[in-house]
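Residue-level structure breakdown
Take a look at the letters that make up each chain.
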Amino acid sequence: MSEFNPASPCQRLAGRLPKIGIRPVIDGRRKGVRESLENQTLSMARSAAAFLEGRLRHACGLPVECVIADTCIGGVAEAARCRDKFDQEGVGVSLTVTPCWCYGTEVMDADPLVPKAVWGFNGTERPGAVYLAAALAGYSQKGLPAFGIYGRDVQNADDSSIPEDVQEKLLRFAKAGLAAAEMRGKSYLSMGSVSMGIAGSVVDDHFFHAWLGMRNEYVDMSEFVRRMEEGIYDPEEMQRALGWVKKYCREGEDVNRGEIRHSRAQKDAEWETCVKMALIARDLMTGNPKLAEIGWGEEALGHNAIAAGFQGQRQWTDHWPNGDFLEAVLNSSFDWNGIRQPYIVATENDSLNGAAMLFGHLLTDTAQIFSDVRTYWSPEAIHAATGKKVSGDAENGIIHLINSGPTALDGTGRQSVNGSPAIKPFWDITPEEAKQCLEHTKWCPAELEYFRGGGFSTQFLTRGRMPVTMSRINLVKGLGPVLQIAEGHTVELPADVHEKLNRRTSPTWPTTWFVPILTGSGAFGDVYSVMANWGANHGAISYGHIGDLLITLASMLRIPVNMHNVPEHRVYRPSAWNAFGTQDPEGADYRACRNYGPLYGLK
């Protein structure tokens, strides 16, 4: 069997995968009115379910399931029965559909923790649009923000098709709602504590609990030593992983001075430690039944962590090999067990960047790039450093994204969609693409000035012209979390220009050259302004232009967006946001989020 044989989709975390609940609501008047609408209303619900199930998967690869209420909902009794069914089925996202007038507050979904939308059919025979407006007004009045879905063009009553503009809103709402629901009840695992005074690695329990519905778990890094010394890992997998590393992980240049370089024997020992660290970090996150078989039942359970962070610097890396291998390989879509769902592991335990990575993963189903937002290179500075003038995508300057460890190897851009560089969901990655990612990655011995304990760092260059979105969550005292978003593209520089610029910092780390899409004003007036307005030293980079999905998810969680370059026609938030001002959408977002408070916070 191929070492890159794709793994079957599987659920590796405790708890049911959330389902989409579809609520067909109807005019409850009997003796003619309701009876004439039953088939059309149920057909609308079934069409929505078939469409969503046919287009969506969970990030683990399993299909998304929809649950339809047993009957149309014409009043509060049927609404209650629907809620009971949804509770039993594990529904985490609620979509109400109707072609007609209904009794708004009597048929509404009143669960405050479930993201909700209402699709009112745009037809002339019955006032579905009138109900939609009345329902959204009711949701706003009751403090239950809901998304409105209303097709632009009038349809005939017997038209069961879903217009393209409705499809876009259904998918945007459903994918963001599922992301919110999948985080709920899961853990962020802090492996270690605060790295080098980085504020993002001060793991904020209130943020994770109140805004994301998650819990926090903490493990001291000494747990890695205990598990290595006591053999708390699968020894068979350890040997298989080590063999895979020797076959596919090519070592790169050693930039350390000759007198301090580690010997071949030291490096071989460090590889063994690095592989053990990766196994242990994964087992800490999601558990491993093999551990129970060898007598470690408690350790076999894991921490049900949907995301994690490894402190590393400096207490660990001053003595032990760095965490770059564990972070890079876990964040990738493949390892010695084949092609599989990536894990989310933040370097330096930057939990806020880890949360942004988690958002990107759940919204795109793909591996994430974690980078320092390291340097803005102006065209003038590039010319001064290289003697060359840049053009094309780089003509207004570039941002150097680079970091020592956790950039997924998918970030090489060696996968493709329609012949263009891409990062794909694991179920679409071919064995050859996984091998290409490895072949274009080198593992350089760690720079010992940074990492006294040695280890290995990934070295690769991201291919250009990939559409990507950079995001970041920041915590602001007195305000709470805010989200930054920058859609743009990766850039491919001439080889000699890249080489000279890259060696101005550590050449042993993976580089992504990034150019944001400029709007000509504000934080996106020029490339320098994007860099100058970025709120922290790290950024999470996702494949594709997903700023609209991030904005929708942020509104569900009540996290305001303080910086983005998403065109207005792609911004989709609950209808109640309009009540906080339509001339200043950014300010309205802040006011709405403050008014409603965090999704899981108690007011």
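Use the structure listed above.
It should be emphasised that the depicted structure is a prediction, and the values quoted were computed from it without experimental measurement. All residue numbers refer to position in the chain's written sequence, counted from 1. The predicted nature of this model means local features are confined to residues of pLDDT at least 70 and side-chain atom pairs, given and counted, to a pLDDT of 80 or more, with totals for whole chains, interfaces and linings taken over all residues. Excluded from the side-chain calculations are hydrogens and water; all other atoms, namely the structure's heavy atoms, are used.

**Re the overall build of the chain**
Across its full length, the chain holds 18 helices and 22 strands. The globule rule used here is 2.2 Å times the number of residues to the 0.38 power, and the radius of gyration it is set against is calculated over C-alpha atoms. For a compact globule of 603 residues, the expected C-alpha radius of gyration is about 25 Å, and the chain comes in at 25 Å, within 12% of that figure. Structurally, the chain occupies a C-alpha span of about 90 × 60 × 45 Å along its principal axes. Here the open area of atoms and residues is found with the Shrake-Rupley method and a 1.4 Å probe, where only the protein chains shown may cover a residue. In the form shown here, the chain has an accessible surface area of approximately 23300 Å², with 49% of it arising from carbon and sulfur atoms. Computing the positive centroid from 60 side-chain charges and the negative centroid from 71, the chain places the two 2 Å apart. Helix and strand definitions here come from DSSP, where helices need a minimum of 4 consecutive H or I residues and strands a minimum of 2 consecutive E residues; each element is numbered from the N-terminal end. Positive charges come from Lys and Arg alone, negative charges from Asp and Glu alone, with His and the N- and C-terminal ends not counted. Charge placement uses NZ in Lys and CZ in Arg. For Asp and Glu, CG and CD serve respectively.

**Considering helix 15 (residues 495–502)**
Every α-helix winds through 3.6 residues per turn, so residues three or four apart in the chain are directed the same way. Each residue's exposure class comes from its accessible area (1.4 Å probe, protein chains only) as a fraction of the maximum for that residue type: buried when under 20%, exposed when over 50%, partly exposed otherwise. Those residues of helix 15 that sit buried are Val-497, His-498, Leu-501 and Asn-502. Buried residues of helix 15 fall within an arc of 120 degrees about the axis and therefore sit on the same side. Of the surrounding secondary structure, the elements contacted by the buried residues of helix 15 are strand 12 (369–377), helix 13 (379–386), strand 13 (398–402) and strand 20 (511–516). Here the arc refers to the set of directions running from the helix axis out to each C-beta atom. Residue contacts follow a heavy-atom distance rule, with two residues in contact if any of their heavy atoms lie within 4.5 Å.

**Notes on the environment of Val-329**
You can see Val-329 is positioned in helix 11 (residues 324–331). Sequence separation of Val-329 and Ala-408 is 79 residues, and the distance between their C-alpha atoms is 6.7 Å.

**Section: unusual backbone geometry**
Looking along the chain, the bond that leaves Gln-313 and enters Arg-314 is cis, with omega of -5 degrees. The phi angle at Asn-304 is positive, at roughly 50 degrees, despite the residue not being glycine. Summarising the element assignment, Asn-304 is placed in the loop between helix 10 (289–293) and strand 8 (305–310). One non-glycine residue, Arg-465, adopts positive backbone phi at about 70 degrees. For Arg-465, the position within the fold is in the loop between strand 17 (456–459) and strand 18 (467–476). The class for Arg-465 is partly exposed, based on a relative accessible area of 46%.

**Remarks on the sheet that holds strand 2 (residues 66–68)**
The sheet built from five strands is open, its strands ordered 2-1-3-4-5 with parallel pairing. Every interior strand has two partners, whereas the edge strands, strand 2 and strand 5 (147–149), have only one. On average, adjacent strands in this sheet sit at an angle of 25 degrees to one another, irrespective of strand direction. Strands qualify as paired when DSSP identifies two bridges or more between them. Examined bridge by bridge, strand 1 (residues 19–24) and strand 2 share three bridges and lie parallel to one another. By the bridge assignment for strand 2, Ile-20 is matched with Cys-66. With respect to the sheet, helix 2 (residues 76–89) is in contact with strand 1, strand 2 and strand 3 (91–98), its orientation differing from that of strand 1 by roughly 165 degrees. Only the stretch in contact is used when fitting a helix axis, every axis being a line fitted to C-alpha atoms; angles between N-to-C directions are given from 0 to 180 degrees.

**Digging into helix 8 (residues 235–248)**
Here a helix's expected span is defined as the number of its residues, less one, multiplied by 1.5 Å. With 14 residues, helix 8 extends 20 Å from end C-alpha to end C-alpha; this agrees with the ideal 20 Å at 1.5 Å per step. Along helix 8, the positions that sit buried rather than exposed are Glu-237, Met-238, Ala-241, Leu-242, Trp-244, Val-245 and Tyr-248. One side of helix 8 carries all its buried residues, which in axial view fall inside an arc of 160 degrees. Along helix 8, the residues that are exposed and aim more than 90 degrees away from the buried face are Glu-236, Gln-239, Lys-246 and Lys-247. Against helix 9 (264–286), helix 11, strand 9 (334–335) and helix 14 (431–439) lie the buried residues of helix 8. A distance of 3.0 Å separates the backbone nitrogen of Glu-236 from a side-chain oxygen at the start of helix 8, and that oxygen is part of Asp-234. N or O atoms within 3.5 Å of each other form a polar contact, as long as, within protein, one can give a hydrogen and the other can take it, and as long as residues adjacent in sequence are counted only when both atoms are side-chain atoms.

**A closer look at the packing of aromatic side chains**
Stacked, tilted and edge-to-face are the three classes applied to pairs of Phe, Tyr and Trp rings, where Trp contributes its six-membered ring and a pair requires centres within 6.5 Å; stacked means planes under 30 degrees apart, edge-to-face means over 60, and tilted covers the rest. As enumerated under the stated definition, the model contains 24 aromatic pairs in all. These aromatic residues form a ring-pair network of at least three members: Phe-4, Trp-244, Tyr-248, Trp-271, Phe-325, Trp-336, Trp-443 and Phe-456. The criterion for a charge sitting over a ring is simple: Lys NZ or Arg CZ within 6 Å of the ring centre, and within 35 degrees of the ring normal. Directly above the ring of Tyr-343 sits Arg-12, whose terminal nitrogen or CZ lies 3.6 Å from the centroid.

**A few points about the nonpolar core**
A general trend in soluble globular proteins is that nonpolar side chains are found buried together. Nonpolar cores are built from buried Ala, Val, Leu, Ile, Met, Phe, Trp, Tyr and Cys residues. Side-chain atoms within 4.5 Å join them into one set. Core analysis: the biggest nonpolar cluster contains 71 residues, and Ile-20, Leu-52 and Leu-212 have the highest contact counts within it. The greatest single-element share of this core, amounting to 10 residues, is contributed by helix 5 (residues 164–183). In contact with Leu-52, other than residues within four places in its own chain, are Ile-20, Cys-66, Leu-95, Leu-170, Leu-171 and Ala-174. Within the second largest apolar cluster, 49 residues are counted, among which are Val-219, Met-221, Ala-281 and Met-285.

**Comments concerning the pattern of salt bridges**
Two side chains bearing opposite charge may form a pair once their charged atoms approach each other closely. By definition here, a salt bridge exists when the distance from a side-chain nitrogen of Lys or Arg to a carboxyl oxygen of Asp or Glu is within 4 Å. According to the stated counting rule, one finds 36 salt bridges in the structure shown. Residues Glu-293 and Lys-290 are paired through a salt bridge, measuring 3.9 Å at the closest nitrogen-oxygen approach. Of this pair, Glu-293 and Lys-290 both sit in helix 10, separated by three residues, roughly a single helical turn. Judged by relative accessible area, which is 62%, Glu-293 ranks as exposed. On the accessibility criterion, Lys-290 (37% relative accessible area) is partly exposed. In this structure, the salt-bridge partner of Arg-452 is Asp-318, at a minimum N-O distance of 3.7 Å. Here the residue Arg-452 occupies a position in the loop between strand 16 (442–445) and strand 17, and Asp-318 occupies one in the loop between strand 8 and helix 11, the gap between them amounting to 134 residues.

**Some points on the pairing of strand 12**
Note that strand 12 and strand 21 (residues 538–543) share four bridges and pair antiparallel. Each residue of the ladder has a partner; that of Ile-369, found in strand 21, is Ile-541. As defined by bridge partners, strand 12 adjoins strand 13 across five bridges and the pair is classed as antiparallel. Its bridge partner being in strand 13, Val-373 is matched across the sheet by Leu-401.

**A word on the packing of helix 7 (residues 222–230) against helix 9**
If you want to describe how two helices pack, look at the angle between their axes and the distance between the axes. Between helix 7 and helix 9, whose axes approach to 10 Å, the crossing angle comes to 110 degrees. If you check the angle between helix 7 and helix 9, you find them roughly perpendicular. The two elements helix 7 and helix 9 cross, and the hand of that crossing is right-handed. Contacts between helix 7 and helix 9 involve Glu-223, Phe-224, Arg-227 and Met-228 from the first element and Thr-273, Lys-276, Met-277, Ile-280, Ala-281, Asp-283 and Leu-284 from the second. We call Asp, Glu, Lys and Arg charged. Ala, Val, Leu, Ile, Met, Phe, Trp, Tyr, Cys and Pro are nonpolar, and the rest, Gly among them, are polar. When its residues are assigned to classes, the contact of helix 7 with helix 9 shows six nonpolar, one polar and four charged. Every angle not falling under 35 degrees, over 145, or within 65 to 115 is termed oblique; those three ranges are roughly parallel, roughly antiparallel and roughly perpendicular. Each crossing is labelled by how the near helix is turned from the far one, with a counterclockwise turn of less than a right angle marking it left-handed and a clockwise turn marking it right-handed.

**Regarding the sheet that holds strand 8**
Strand order across the open sheet formed by four strands is 7-6-8-11, with parallel pairing between neighbours. Strands with a single pairing partner mark the edges of an open sheet, and in this sheet they are strand 7 (215–219) and strand 11 (345–347). Along the sheet, successive strands turn relative to each other by an average axial angle of 20 degrees, direction set aside. Looking at chain direction, strand 6 (residues 187–191) and strand 7 are connected through five bridges and run parallel. Paired with Met-191 across the strands is Val-219, a residue of strand 7.

Any link to function would need more than the numbers given here.
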